[in-house]
Amino acid sequence: MPLLNSPFIEFLLNPWFLLSLFFWLIVLALVYLLRNKKEAAYLFFPLLAMFKTKKLNNFLRKISRKVPKFWKIFWTIGIFISFGFVIFAFYFFFTNFINLLVNPRIEQAVLPLIPGVTIDLPLFFYLILPLLFIVTTHEFAHGIAASADGLDIKSTGVLGAGIFYIIAFGAFVEVDERIVNSNKVNRYTRLRIAAAGTYVNGITAVVAFILLLCFPLMIAPWYRQVTQVNTVLKEDEGGFNYGNITRGDAIIAIKKSGTTDENYVSLDELKGVSLSSILNNKSTLECAINDSLTLKIYDPSLDAFLEKNITLGPRYYIGLRYEYTSDGLGLKINKVLSLSEGGNNFGNISEGLTVIKINGIPINVSNGDTLERVYTSSFQNGMILNNINFSTDSANYTLDLRIDGVIIGIYSNSYFMYKNGIAKFFTSFWPEFLLRELSWLFLIAFSITLFNMLPLPIFDGDRMVKELINWGIGENYKSLKKKKDKFYFKKEDKNYELSEYRVEKINSIEIIMKDPLRSIEPSTIRLSEDNYQIIDKIGDGFKDTVLLNLPEKTELTENSVVEISYEHYYDEKKKIKNLILNTLRFITIFIILGNFILSFIKFGGLIFWM
C-alpha cells in the first residue's frame with residue numbers, strides 16, 4: 001500500500017504522463033514505418049518529433065500562383081501592419097511591466113501557457129483546436145508568401161512535442177533560409193515572408209473578435225441563454241430558499257405565484273432579460289421583499305419541465321469587506337468602503353478589527369452562527385433590519401444596513417436552452433463549446449501576434465527588425481576576412497554549403513579521420529585543388545559552396561571531419577548593426593522576464609496567458 005501511494009506512482013498515473021506516453025508510442029511507430037525514407041522523420045526524444053513531406057508543397061504552390069498580383073499586394077500590406085505590431089508589442093509589454101511594478105492587477109498577469117503547470121487538463125482540451133489552427137495558418141502563410149515571390153518550398157510537415165505533462169502538435173513549412181537570406185532575394189521578399197505568419201495571426205484575432213461580437217446573433221435561432229442554479233445557499237450562508245430549488249435547475253421563466261401562465265416572463269439573456277434584470281425590476285414583473293414567485297424550471301438530468309416556488313428576501317448592504325477567522329469564532333474586517341466607494345459605514349468602525357459577537361450572539365461558523373444567519377433569521381421572524389450591532393473584545397459598534405433590492409439566495413451561471421429539436425440534439429454544450437473555442441482563438445492569436453513580433457531570436461519580429469536595421473545602415477563589403485567551417489563527411493554528399501555567402505577563395509580543405517577503435521591518433525588528409533572547386537550554388541553571383549571531387553572508391557570514413565578554411569568579404573557595418581540589434585534584444589528580454597517574474601510574484605500560479 002505505501003508503494004501505491006508514493007509520489008512516483010502518482011506521477012506515472014497522472015493523465016498528462018499517460019497522454020505523453022501514448023504520444024511517444026505513436027511517434028515511435030511512425031518513425032519505424034518511415035525508416036526507409038530519407039529525411040522523412042526526425043526524432044529528438046524526449047523533446048520533439050518532426051515528420052517531413054512534400055505532398056503539401058504543390059497545394060501551397062497552386063494557391064500562391066492562382067492570383068500572384070493579389071498575393072504580392074496582400075503580403076506587402078502585411079509588412080506595414082506587422083511593423084505596427086512590432087511597435088505595439090514593445091509598447092504593450094513595456095507599459096504592462098511598469099503597471100505590474102506600480103499598480104498590479106490580475107488582468108495584467110503574463111505567464112506562459114504550460115499544460116499541467118499553468119493550465120489544467122480539462123481546459124487544455126479547449127486549446128487544442130485553436131492552437132492547431134493558428135500554428136498551421138501561420139506556417140502556411142510563410143509558405144504561400146515565399147511561393148508567391150517565386151521561392152520553392154523545401155518541405156511541409158507535422159511537428160509534435162511530448163514530455164511528461166507537455167503535449168502539443170502543429171504544422172510547419174520549410175523554406176530554404178539560405179536562399180532567403182542571400183543576395184538573390186530582395187529585401188521586400190524577405191519582409192513579406194517574415195511578416196506573413198504574424199499578419200495572418202492578426203487577421204485571425206480580428207475575425208475571432210468579430211465572431212465573438214456576433215455570437216448572440218449566431219446562436220439566437222437555435223438557443224436562448226437562461227440562468228442555471230450552481231449553488232443554493234443555506235440559511236447560515238445568506239440563503240432564503242434552501243430546499244425550494246436545486247443545483248442544476250435551469251430557470252426559463254418567472255411569474256408571481258398564483259397568477260396564470262400568461263404572466264410568465266421568459267428569460268433570454270441574449271435579449272437582455274436575465275434573472276438579475278427581473279429581480280431589479282427592469283422587466284414587466286415587479287419584485288419586492290417577501291414576494292412569492294413561481295419559477296418554470298428545466299431539469300437537464302431528467303429532461304423535464306417543472307414549477308418551483310421561492311420567496312424573495314432582502315439584499316442587505318453593509319459596506320464592508322470581511323472574512324471569518326480560521327477558527328470560525330470571529331469576523332475580521334479587511335476594508336471599510338469610503339463614501340466615494342459607496343460605503344455606508346465609513347467612520348462607524350475601523351479596518352483590522354475582529355468581531356466576536358453580532359447582536360449579542362457569539363460568532364461560531366461551525367454552529368451556523370454567522371452574519372448571514374442574522375440576516376435570514378430576522379427575515380423569517382418578520383423583521384427587516386435597519387442596523388446591526390458588532391462587538392469586539394473591547395467595544396460595541398452600531399452599523400447601518402441598507403437594502404439594495406431582493407435576492408433568492410443562489411449562485412448561478414448561464415445555460416443555453418434549446419429552441420428546437422436540432423438544438424436539443426446538439427445539447428446546451430455546443431454553444432458553450434463554440435464560445436470557449438472562439439474566446440481562446442482570439443486570446444491565443446492575439447498573444448502569439450504580440451510575442452512573435454518581439455525582437456528576439458527565432459521570432460519573426462527579430463527578422464523584421466534586423467532587415468530594417470540593414471536597410472537603414474546599409475552594407476559595405478570591401479574587406480576580406482578568414483573563417484573556418486567544419487562538416488561531417490557523408491559519402492552521398494558532395495556539396496558543402498559554407499556559412500558565409502561572399503567567398504573569395506579557399507585556403508585549405510583538410511579531412512580529419514578518426515580511428516573507430518580510438519587506438520591511434522586521428523589522421524589528417526589535405527586535399528589538393530584538383531579535388532574540390534568553389535561554386536555559386538544559390539545563383540546570386542557570389543560563390544558560397546564547396547564541391548568535392550573525390551574518387552568513387554575512397555578510404556574516407558563516414559563522419560570524418562571536413563575542415564574548410566576560406567576567405568570571404570564581410571560587411572564592415574555588421575558590428576554596429578549587431579550592437580543595435582543585440583541592445584534591442586537585451587531590453588526586450590529584460591521586459592518580458594520582468595513581466596513573467598512580477599506576474600508570478602504578485603499572483604502566483606495563475607492559469608492565464610495574454
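Residues numbered from 1 in each chain as written. Predicted model: local features only at pLDDT ≥ 70, side-chain atom pairs only at ≥ 80, totals over all residues. Heavy atoms only, no water.

Caption draft 1: Highlighting the environment of Lys66. Within the element layout of this structure, Lys66 appears in helix H3 (residues 57-66). The class for Lys66 is exposed, based on a relative accessible area of 71%. (Helix = DSSP H or I, 4+ residues; strand = E, 2+ residues; numbered from the N terminus. Buried < 20%, exposed > 50% of the residue type's maximum accessible area, 1.4 Å probe, protein only.)

Caption draft 2: Just the packing of helix H4 (residues 68-102) against helix H12 (residues 429-452), in detail. Two numbers describe how H4 lies on H12: the axes approach to 8 Å, and their chain directions differ by 95°. As the angle between them shows, H4 and H12 are arranged roughly perpendicular. Residues Phe85, Phe88, Ala89, Phe92 and Phe93 of H4 pack against Phe446, Thr449, Leu450 and Phe451 of H12. (Axes fitted to C-alpha atoms, helices over the stretch in contact; angles between N-to-C directions. Parallel < 35°, antiparallel > 145°, perpendicular 65-115°, else oblique. Contact = heavy atoms within 4.5 Å.)

Caption draft 3: Quick peek at unusual backbone geometry. Positive phi is not limited to glycine here, since Asp303 has a value of about 50°. With respect to the secondary-structure elements, Asp303 resides in the loop between strand S8 (292-299) and strand S9 (304-311). Despite not being glycine, Thr427 shows a phi value in the positive range, around 65°. Residue placement: Thr427 occurs in the loop between helix H11 (421-426) and H12. On the accessibility criterion, Thr427 (38% relative accessible area) is partly exposed.

Caption draft 4: Fine view of the pattern of salt bridges. Scanning the entire structure with this criterion turns up 24 salt bridges. Across the pair Arg190 and Glu467 runs a salt bridge, and its minimum N-O distance is 3.0 Å. Note that Arg190 is positioned in helix H7 (residues 187-213) and Glu467 in helix H13 (residues 460-473), a separation of 277 residues in sequence. Residue Arg190 is classed as buried on the basis of its relative accessible area, which comes to 16%. Glu563 is paired through a salt bridge with Lys484; the nearest N and O atoms lie 3.6 Å apart. Highlighted residues: Glu563 in strand S26 (residues 561-571) and Lys484 in strand S20 (residues 477-488), separated in sequence by 79 residues. (Salt bridge = Lys/Arg side-chain N within 4 Å of Asp/Glu carboxyl O.)

Caption draft 5: The packing of aromatic side chains, seen in detail. Enumeration over the complete set of coordinates arrives at 29 aromatic pairs. Between the aromatic rings of Phe442 and Phe446, the centroid separation amounts to 5.9 Å while the plane-to-plane angle is 15°, which identifies the pairing as stacked. Residue Phe442 and its partner Phe446 are both found in helix H12; the two are separated by 4 residues, about one turn of the helix. Three or more aromatic residues link up through ring pairs in this structure, and these residues are Phe88, Tyr91, Phe92, Phe93, Phe209, Phe442, Phe446, Phe451 and Phe596. Taking NZ or CZ as reference, Arg502 lies 4.2 Å from the ring centre of Phe542, over its face. (Phe/Tyr/Trp six-rings, centres within 6.5 Å; stacked < 30°, edge-to-face > 60°. Lys NZ or Arg CZ within 6 Å of the ring centre and 35° of its normal.)

Caption draft 6: Spatial organisation of a nonpolar patch on the surface. A surface patch of nonpolar side chains, about 540 Å² in accessible area, is lined by Phe22, Ile26, Leu30, Tyr32 and Leu33. Along the chain, the position of Leu30 falls in helix H2 (residues 15-33). Taking relative accessible area as the criterion, Leu30 reaches 36% and is therefore assigned partly exposed. (Patch = residues over 30% accessible without salt bridge, like charges linked within 9 Å, V, L, I, M, F, W, Y side chains within 5 Å. Areas by Shrake-Rupley, 256 points an atom, 1.4 Å probe, with all protein chains shown as cover.)

Caption draft 7: Structural detail: the sheet that holds strand S17 (residues 396-400). With antiparallel pairing, 4 strands are arranged side by side in an open sheet as S15-S14-S16-S17. The outermost strands of the open sheet, each flanked by one partner alone, are strand S15 (361-362) and S17. Relative to S15, strand S14 (residues 357-358) runs antiparallel, the two being bridged by 2 bridges. Bridge pairing links Ile358 to Ile361 in S15. Its contacts with the sheet put helix H10 (residues 371-380) on S14 and strand S16 (387-391), and the angle it makes with S16 is roughly 145°. (Pairing = 2+ DSSP bridges.)

Caption draft 8: Fine view of the sheet that holds S20. One open sheet accounts for 4 strands, arranged S20-S26-S22-S23; its pairing is antiparallel. On the outer flanks of this sheet lie S20 and strand S23 (523-526), each paired with one strand and no other. Direction aside, the axes of adjacent strands within the sheet are offset by 25° on average. Examined bridge by bridge, strand S22 (residues 503-513) and S26 share 8 bridges and lie antiparallel to one another. Across the sheet, Ile512 pairs through a bridge with Val561, a residue of S26.

Caption draft 9: Main features of the environment of Gly342. By the element assignment, Gly342 lies in the loop between strand S12 (331-336) and strand S13 (354-355). Sequence spacing of Gly342 and Tyr317 is 25 residues, and the spatial spacing of their C-alpha atoms is 10.0 Å. For Gly342, the residues in contact, after removing those within four places along its chain, are Tyr317 and Arg402.

Caption draft 10: The arrangement of the pairing of strand S6 (residues 250-256) in detail. Counting buried residues along S6, 6 of its 7 residues qualify, which places the element largely inside the surrounding structure. Pairing between S6 and S8: 6 bridges, direction antiparallel. Along S8, the bridge assignment pairs Lys255 with Thr294. Relative to strand S7 (residues 265-266), S6 runs antiparallel, the two being bridged by 2 bridges. Paired with Ala253 across the two strands is Ser266, which belongs to S7.

Caption draft 11: Quick peek at the nonpolar core. Ile245, Ile251, Ile254, Leu275, Cys287, Leu312 and Ile410 are the most contacted members of the largest nonpolar core, which totals 33 residues. Those elements that provide at least two residues to this core are helix H8 (215-219), strand S5 (223-232), S6, helix H9 (275-279), S8 and strand S19 (410-418). The element contributing the most residues to this core is S19, with 5 residues. When near neighbours in sequence (up to four residues on either side) are disregarded, Ile245 contacts Val229, Val232, Ile251, Leu295, Lys308, Ile310 and Ile410. Grouped together as the second largest cluster of nonpolar side chains are 24 residues, Ile79, Phe83, Phe92 and Val465 included. (Core = buried A, V, L, I, M, F, W, Y, C linked by side-chain atoms within 4.5 Å.)

Caption draft 12: Main features of H3. For H3, the set of buried residues is Asn57, Leu60 and Ser64. Looking straight down H3, one finds its buried side chains confined to an arc of 75°; they lie on one side. Within H3, the exposed residues directed more than 90 degrees away from the buried face are Lys62 and Lys66. (Arc of directions from axis to C-beta.)

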